[in-house]
Amino acid sequence: MRYEYYSNLALVSSAVVYMLAMFAHAAEWAAARRLSVTEPAERELVNVAAADNVRPELVVRPELVEGHHQSGSASEPQDQAAVSRRVEQFGRMGVALTIIGFLLSVAGVVTRALAAHRAPWGNMFEFTVMAMVFIVGVYLIMVWRAGVRWLGLPVTLLAAVGNGLAVTVFYVAVAPLVPALHSVWFLIHIVAAAISGAAFNVGGVMSILYLVKKRAEERDNVHGYLERLPSSRKIDLIAYRFLAFAFPLWTFTVVAGAIWAEYAWGRYWGWDPKETWALVTWVIYAGYLHARSTAGWRGTRAAVIAIVGLASFWFNFVGINLFVSGLHSYAGI
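Please read these numbers as outputs of a predicted model, since none were measured by experiment.

K.L.:
So what exactly am I meant to see when it comes to the confidence of the model for the protein here?
P.N.:
In low-pLDDT segments, the atomic positions of the prediction should not be examined closely. Residues of the protein with pLDDT of at least 70 account for 83%, and the chain-wide mean is 83. For the stretch residues 38–72, pLDDT sits under 50, and the model shows 22 contacts to residues farther than four places along the chain or on other chains.

K.L.:
Help me out: how do you make sense of the packing of helix H7 (residues 184–218) against helix H10 (residues 300–323) in this one?
P.N.:
To characterise two packed helices, one gives the angle between the axes of the helices and the distance between these axes. Where H7 meets H10, the axes come as close as 9 Å, and the angle between the chain directions of the two elements is 140 degrees. When the axis of H7 is compared with that of H10, the two are oblique. By crossing handedness, the relation of H7 to H10 is classed as left-handed. Contacts between H7 and H10 involve Gly197, Phe200, Asn201, Gly204, Ser207, Ile208, Tyr210, Leu211 and Lys214 from the first element and Thr300, Ala303, Ala306, Ile307, Leu310, Phe313 and Trp314 from the second. The residue makeup of the contact of H7 with H10, split by class, is 10 nonpolar, five polar and one charged.

K.L.:
What is the right way to read the packing of helix H5 (residues 124–146) against H10 from this model?
P.N.:
The N-to-C vectors of H5 and H10 enclose an angle of 165 degrees; their axes lie 12 Å apart at closest approach. Between H5 and H10, the crossing angle belongs to the class labelled roughly antiparallel. The two elements H5 and H10 cross, and the hand of that crossing is left-handed. Of the residues in H10, those touching H5 at Met124, Phe127, Thr128 and Met132 are Trp314, Phe317, Val318, Asn321 and Leu322. Of the residues belonging to the contact of H5 with H10, the class tally is seven nonpolar, two polar and no charged.

What counts and how
- Residues numbered from 1 in each chain as written.
- Predicted model: local features only at pLDDT ≥ 70, side-chain atom pairs only at ≥ 80, totals over all residues.
- Heavy atoms only, no water.
- pLDDT = per-residue confidence, 0-100.
- Contact = heavy atoms within 4.5 Å.
- Axes fitted to C-alpha atoms, helices over the stretch in contact; angles between N-to-C directions.
- Helix = DSSP H or I, 4+ residues; strand = E, 2+ residues; numbered from the N terminus.
- Parallel < 35°, antiparallel > 145°, perpendicular 65-115°, else oblique.
- Left-handed = near helix turned anticlockwise from the far one by under 90°.
- Nonpolar A, V, L, I, M, F, W, Y, C, P; charged D, E, K, R; others polar.

This is the structure we're talking about:
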C-alpha cells in the first residue's frame, strides 16, 4: 500500500539520520578532547595558592607547568577558541540531525497508522519505533528547556540502534489486530508502557554517564567532553527524578495489563512470561526507590540498580518476545 511504503521509507531514513546525528555527537566528544585541561602540576599550584589566600592567577604561570612555553602562550587562547567553536558546531549539527530524524520517525508512525487504520503499536516493530519517538522527544524537550545536549551521543546511539533493528529485524507488514487486542486498554496499556519505557531509558543512560563522570572525578581526571557534563551528583539527581516519574507509570502499566488480560483471556494474572518479567522489572525499580528513600543508597549503588532495571526492561521487551513463547507471542515480530 502507498502509506505503508512511505512509512517504511520514513523510518529507514530516520535510522540513517539518527546514525549521522550519532557521528556528529561523537565528533563533538572527540573534538572536546583538545580543549585545555588543568594539568596535575597546575592543580597543585592552584591548591597551594588557595591555601595561602593568594590569587591563583598570580601563582600559576605557563612557564611553571611542564609542556608550556612562553612563545606559544599567546596563540593558545586562539587555538582553544577554535576548538570550542568546532565542538559547538558538531553539537548543533547533531541536534539538528536529531530533530530531522525525529520528524521522520513521527511521519513514519503516522503513515503506518494510516496504512493500518488503527493505532500503530500492535506488534514489536511498531512499539519499537513508537518508543524511540517518545525517547527522542523527551530528549529534545530537555535540550530546549534544560540544555542537556550532553545526552546527545547515548540517545542518538539508542535511537539509531532501535530504529535500525525495527526496520531490519523486527519488521512485519501491516496486518489487522488479533482479537485479543481489540480493546480500549490496547491504547491505554501500550501508551503507558511506551512513556514509562522512555523515562526508564533516559534515567538508565544518565546512570551510565553518572558512573563514567564519577570515576573520572575520583581519579581527578575530568577532561574533554566530561568537563561539560554536570557534576556526578547532579546527574544522579536527574536520573532519580526520571525513574521516580517512570515507576508509578510502570505500575499503572502492569495494572492496566492485568485488567486487559481479564478482558482478553478471562483472568487477571496467569504468570505468563511477559507478565512475570514485567513484575521483575517493577520489583527492581521498587527496590531502587526504596533503597534511596530508606537506606540512603545514592550514587554508585543506586546507579547500578538503575542499570540492572534497564537491562531487565529490555530483556522483557526483546528477549521475551524473541526467545520465550507465551500468550503475548501474538505481538511477536
